[in-house]
Amino acid sequence: IFNRLMSVPPPLSPSADAGKAAVSSPMFSTRKHSVFIIYTGGTLGMMRDPATGALRPEPNYLAQQLSLLPEVQAPEMPSYKIVEFDPLLDSSDMSHNEWVQIAKMIEANYYDYDGFVIIHGTDTMAYTASALSFMFENLGKPVVMTGSQIPFQEVINDARRNLVTSMMIAGNYDIPEVCIFFNNHLLRGCRTRKVDSWSLDAFESPNCAPLATLGMEIKLNQELILSQPKGRFRVSVGINKNVAVLHLVPGFADDIVGNLLREPLEGLIMQSYGSGNAPAKKKSLVQHIVNAVKRGVVVVVTSQCMRGYADFFIPQYPFIAADFSIP
């Protein structure tokens with residue numbers, strides 16, 4: 001799965017190269033397509049409390065508003081079924097259990113719909129998209145995640161466009177992977193991160209060009225989109241929770257890392273400086289990592305930078321290395 005998601009052609013430039021691979025025609029047929037929508041919670045479907053002015057989740061509100069939209073009656077729009085989490089969830093509370101719940105819902109409905117839309121809060125949407133990308137093996141249909149910065153209820157909002165476009169993409173386009181649609185871009189799920197807490201253009205996929213761009217029409221970067229898998233779709237729900245992320249900062253105490261690397265830890269993602277640099281004078285830090293690797297802990301080194309890649313190597317310990325030259 002990792003190779004299928006990460007080993008892709010180099011990203012296209014936003015200029016002439018992107019135009020060479022742009023495809024704007026959806027895969028329409030005489031059959032009415034259909035999508036399965038999972039509403040987990042988040043800003044998109046919230047209502048403003050008239051007494052306090054605060055936003056709050058409201059069960060069934062989004063389903064009611066969606067049914068009233070004239071856009072969903074357009075002939076090019078797929079039919080849909082929407083199912084809500086009960087209770088609706090703030091994305092800050094999203095966990096492995098909810099990832100499994102979403103995956104199981106899609107697995108149960110996989111052969112009944114042409115595509116899937118997951119409405120999700122923006123704060124942890126990228127984490128869920130990445131997790132699902134690896135939980136779904138041999139995915140042959142679009143799974144489009146979306147949300148909004150402004151709720152559906154407001155007069156000026158990004159909720160309507162994000163949701164309607166996500167439904168159109170999930171129902172009518174052959175994109176067999178987990179994606180995030182936000183603002184004007186369809187992004188690969190496992191390559192996306194939230195970069196702005198205020199702007200409507202809140203997500204980017206550094207080192208990976210958008211799979212599609214919304215302008216006067218939807219243009220696909222066909223060379224980037226994964227090909228249809230050959231095996232049968234299945235869901236893997238075995239998630240190891242004994243994983244931590246270490247963000248290096250100047251002057252940290254080595255013993256803190258040593259404590260972090262103790263049992264029951266089984267995996268560590270070390271966000272290093274630049275292209276994979278770590279303090280060369282901290283011998284005890286290196287020893288802590290060596291001891292953890294010998295114990296079976298998987299240590300992955302990545303960069304704190306949004307673009308580029310990590311190239312980490314310790315001559316004395318050649319079995320500890322990282323070379324993530326993924327475009």
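Refer to the structure presented above.
Below is a summary of the structure that appears in this document. (Residues numbered from 1 in each chain as written. Predicted model: local features only at pLDDT ≥ 70, side-chain atom pairs only at ≥ 80, totals over all residues. Heavy atoms only, no water.)

**A look at the packing of aromatic side chains**
Stage number 1. Summed over the entire model, instances satisfying the criterion amount to eight aromatic pairs.
Stage number 2. Taking the centre distance of 6.3 Å and the plane angle of 70° together, the rings of phenylalanine 36 and phenylalanine 116 count as edge-to-face. Here phenylalanine 36, found in strand β2 (residues 34-39), pairs with phenylalanine 116, found in strand β6 (residues 115-119); they are 80 residues apart in sequence, far enough to count as distant.
Stage number 3. Of the residues examined, phenylalanine 116 reaches a relative accessible area of 0% and is grouped as buried.
Stage number 4. A ring pair is formed by tyrosine 110 and tyrosine 111, whose centres lie 4.9 Å apart and whose planes are at 90°; its orientation type is edge-to-face.
Stage number 5. Here a set of aromatic residues connected by ring pairs shows up, and it is made of Phe36, Tyr110, Tyr111, Tyr113, Phe116, Phe136 and Phe233.
Stage number 6. If you follow lysine 141 out to its NZ or CZ, it ends over the ring of tyrosine 110, 4.7 Å from the centre.
Stage number 7. Over the aromatic face of phenylalanine 252 sits the side chain of lysine 282, whose NZ or CZ is 4.6 Å from the ring centroid. (Phe/Tyr/Trp six-rings, centres within 6.5 Å; stacked < 30°, edge-to-face > 60°. Helix = DSSP H or I, 4+ residues; strand = E, 2+ residues; numbered from the N terminus. Buried < 20%, exposed > 50% of the residue type's maximum accessible area, 1.4 Å probe, protein only. Lys NZ or Arg CZ within 6 Å of the ring centre and 35° of its normal.)

**Re the side chain of serine 148**
Stage number 1. With respect to the helices and strands, serine 148 occurs in the loop between β8 (143-146) and α6 (159-172).
Stage number 2. Taking the relative accessible area as the measure of exposure, serine 148 reaches 1% and is therefore buried.
Stage number 3. Here the side chain of serine 148 touches leucine 44 through a polar contact of 3.4 Å, landing on its backbone nitrogen.
Stage number 4. One polar contact links the side chain of serine 148 to the main-chain carbonyl oxygen of isoleucine 150, over a distance of 2.8 Å.
Stage number 5. Not counting residues within four places of it along the chain, the set of residues in contact with serine 148 comprises Thr43, Leu44, Thr122, Asp158, Ala159, Asn162 and Phe182. (Polar contact = N/O pair within 3.5 Å; in protein donor to acceptor, adjacent residues only side chain to side chain. Contact = heavy atoms within 4.5 Å.)

**Quick notes on unusual backbone geometry**
Stage number 1. Of note, the amide linkage connecting aspartate 86 to proline 87 takes the cis form, showing an omega dihedral of 5°.
Stage number 2. On the secondary structure map, proline 87 appears in the loop between β5 (79-84) and α4 (96-109).
Stage number 3. Omega for the peptide link from glutamate 263 to proline 264 comes to 10°, which places this bond in the cis form.
Stage number 4. Here proline 264 lies in the loop between α7 (254-260) and β17 (267-272).
Stage number 5. A positive phi angle, close to 70°, is found at asparagine 60, a residue other than glycine.
Stage number 6. Following the sequence through the fold, asparagine 60 ends up in the loop between β4 (55-57) and α3 (61-68).
Stage number 7. Classification of asparagine 60 by relative accessible area gives partly exposed; the value is 45%.
Stage number 8. Of note, the phi angle at asparagine 183 is positive, near 60°, even though the residue is not glycine.
Stage number 9. By relative accessible area, which is 12% here, asparagine 183 ends up buried.

**Some words on α3**
Stage number 1. Among all positions in α3, only Tyr61, Leu62 and Leu66 are buried. Angularly, the buried residues of α3 cover 125° about the axis, an arc narrow enough to put them on a single face.
Stage number 2. In this structure, the buried residues of α3 make contact with β2, β3 (46-48), β5, β6 and α6. (Arc of directions from axis to C-beta.)

**Considerations on the nonpolar core**
Stage number 1. By size, the foremost hydrophobic cluster in this structure holds 36 residues, and its most contacted members are Leu163 and Leu186.
Stage number 2. Those elements that place two or more of their residues in this core are β2, α3, β6, α6, β9 (178-182), β13 (212-214) and β14 (218-221).
Stage number 3. Core analysis: the next-biggest nonpolar cluster, separate from the first, contains 32 residues, Ile102, Ile118, Val143 and Ala202 among them. (Core = buried A, V, L, I, M, F, W, Y, C linked by side-chain atoms within 4.5 Å.)

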